[in-house]
Amino acid sequence: MIEAVRGTKDIFDKDIAKMDLVIRKAEEILKRYGFKHIITPTFEETALFKRGIGEGTDIVSKEMYSFVDRGDREITLRPEGTASVVRAYMEHKLYGKENFTRFFYYGPMFRYEKPQKGRYREFYQIGAEAIGLDTPELDAEIIAMGYHLLTELKIEDIELQINSVGCPVCRKEYREKLKEFLQPKLDKLCHDCKDRYDKNPLRILDCKIDNCKNETQEAPKMIDYLCDNCTPHFERVKKHLELLNVPYVVNTRLVRGLDYYTNTAFEIVTNKLGSQGTVLAGGRYNNLIEEIGGKSIPAVGFAAGVERVAMLIPDDDITDRLDVFVVNVGDENRGYLYKIVDMLRKAGISTQYEYEVKNVKNQMKNAAKQNAKYAIIVGDDERNENVAVIKDMDNGTQEKLTLEDIIKKLK
Ligand code: HAM
């Protein structure tokens, strides 16, 4: 028996109902904020992610699904959406058409990570990117939008953590200070952190291993090294989050796993998903567009892991009920049954009926099995009078109504 590949999954039943709900709700909210849908390809030239996300990151150095296609092109299944959106923005010269562009997207992403609860090799993200403005008020709105997206889905017990990772100028100085601090402790750090020391020392602050966390307790903080441009930016983001009534905590150890961030970095976390507690994350990335060969254009955005958000939605919030099951008393009423089914479906009411010839008792059993809200029962009399009996499956009451009145009632 061939099974789904490790780290991938089939999504159905309640899980797909929850993921659909997350995507539908997010799409609705993002549109309200002025974001427009974009679909980019699921694979891109490998160089896009190498340059965009950074060669020293875990994603690029060990998690990408990369291959050479039949035309000798170096291809990678996208591990995230930001680089692709920015590539599309440049390719279509959207900067020439408007000075502010907002896109949202959703779809599968691919990372060769160790699978566990909430972490897959193929997973879905819904993301938003706002390109063209460097103002901290925009960072605050983007963060608020991510926060509202989760609270509108009634997701509780979340914490918004923010930090500033500075700009290349102040980060350079901080990096040296951090390395100075880490140097004498290098022997005590884990294998991965030793590796990060030269490639990406800031990531050491994000190590999940207790010993590394303890050793770096007293490490210098990026926010103490922010330059004259980055300090006021961070202060204004915080101020506007307060004005927007979005609660946050400053987490000075927050560094993201992608190299493109400048200034604002943020994550919304929960303690309900074990170690994979980050449900939505993002930040500002003012140098990415230039990095991949474009102009210098500032941008900010985030992405949420759809599976992780879906896992936080209670089963009770998923109402997957059939509206109507139509039952016929005697198969000679099929024609009338089809007419009713057609009318109901055209009116937007979900409707099922029995395909095989079965007695009323069995048809009613099927109606109950399908969790129908109503059964509509038609026999010879009803057909002759152009009416039907509608039965409320929850309380058992029934009444005889014209087809028009049935539709009115159900709507
Ligand atoms: P990221 O933090 O790598 O950021 O991913 C964003 C979210 O995707 C995570 O917080 C998590 O919920 C979900 N996620 C990541 N990896 C997995 C996985 N293996 N399985 C399940 N869910 C996962 C980005 O991707 C950036 N592009 C976000 C961004 C947009 N920054 C600016 N604009």
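Structure first, text after, so check above.
Just so it is clear, the structure is predicted and the values come from calculations on it, not from any experiment. (Residues numbered from 1 in each chain as written. Predicted model: local features only at pLDDT ≥ 70, side-chain atom pairs only at ≥ 80, totals over all residues. Heavy atoms only, no water.)

Considering the arrangement of structural elements, one finds glutamate 267 in strand E9 (residues 264-270). Within the local environment of glutamate 267, its side chain forms a polar contact with the side chain of arginine 256, the two groups lying 3.0 Å apart. Residue contacts for glutamate 267: discarding those within four places in its chain leaves Glu159, Leu160, Gln161, Leu254, Arg256, Thr278, Leu280 and Ala281. (Helix = DSSP H or I, 4+ residues; strand = E, 2+ residues; numbered from the N terminus. Polar contact = N/O pair within 3.5 Å; in protein donor to acceptor, adjacent residues only side chain to side chain. Contact = heavy atoms within 4.5 Å.)

Take the site of the ligand next. The full set close to the ligand counts 26 residues, and Glu80, Glu113, Glu129, Arg256 and Tyr261 are the nearest of them. Separating an oxygen atom of the ligand from a side-chain N or O atom of arginine 256 is a distance of 2.7 Å. Residue tyrosine 260 places a side-chain N or O atom 2.9 Å away from a nitrogen atom belonging to the ligand. Contributions of two or more residues to the shell around the ligand are made by strand E6 (122-131), strand E10 (278-284) and strand E11 (299-305). Counting residues per element, the shell around the ligand draws most heavily on E10, at six residues. Counted by class, the shell around the ligand contains eleven nonpolar, eight polar and seven charged residues. (Near = heavy atom within 4 Å. Nonpolar A, V, L, I, M, F, W, Y, C, P; charged D, E, K, R; others polar.)

Right, let's talk about the environment of lysine 114 for a bit. With respect to the helices, strands and loops of the structure, lysine 114 is situated in the loop between strand E5 (101-110) and E6. Measuring from C-alpha to C-alpha, the distance between lysine 114 and glycine 257 comes to 16 Å, with 143 residues separating the pair along the chain. With near-sequence residues (within four places) excluded, lysine 114 lies in contact with Arg6, Arg119 and Arg121.

For helix H12 (residues 334-346), which comprises 13 residues, the first-to-last C-alpha distance of 18 Å matches the rise-based estimate of 18 Å (1.5 Å per residue) to within 8%. Along H12, the residues that are buried comprise Arg334, Tyr336, Leu337, Ile340, Val341 and Leu344. Down the axis of H12, the buried side of the element spans an arc of 155 degrees, and every buried residue falls inside it. Exposed residues pointing more than 90 degrees away from the buried face of H12 are listed as Gly335 and Lys346. Count one or two residues on from H12 and you reach glycine 348, which has phi positive near 85 degrees. (Expected span 1.5 Å × (residues − 1). Buried < 20%, exposed > 50% of the residue type's maximum accessible area, 1.4 Å probe, protein only. Arc of directions from axis to C-beta.)

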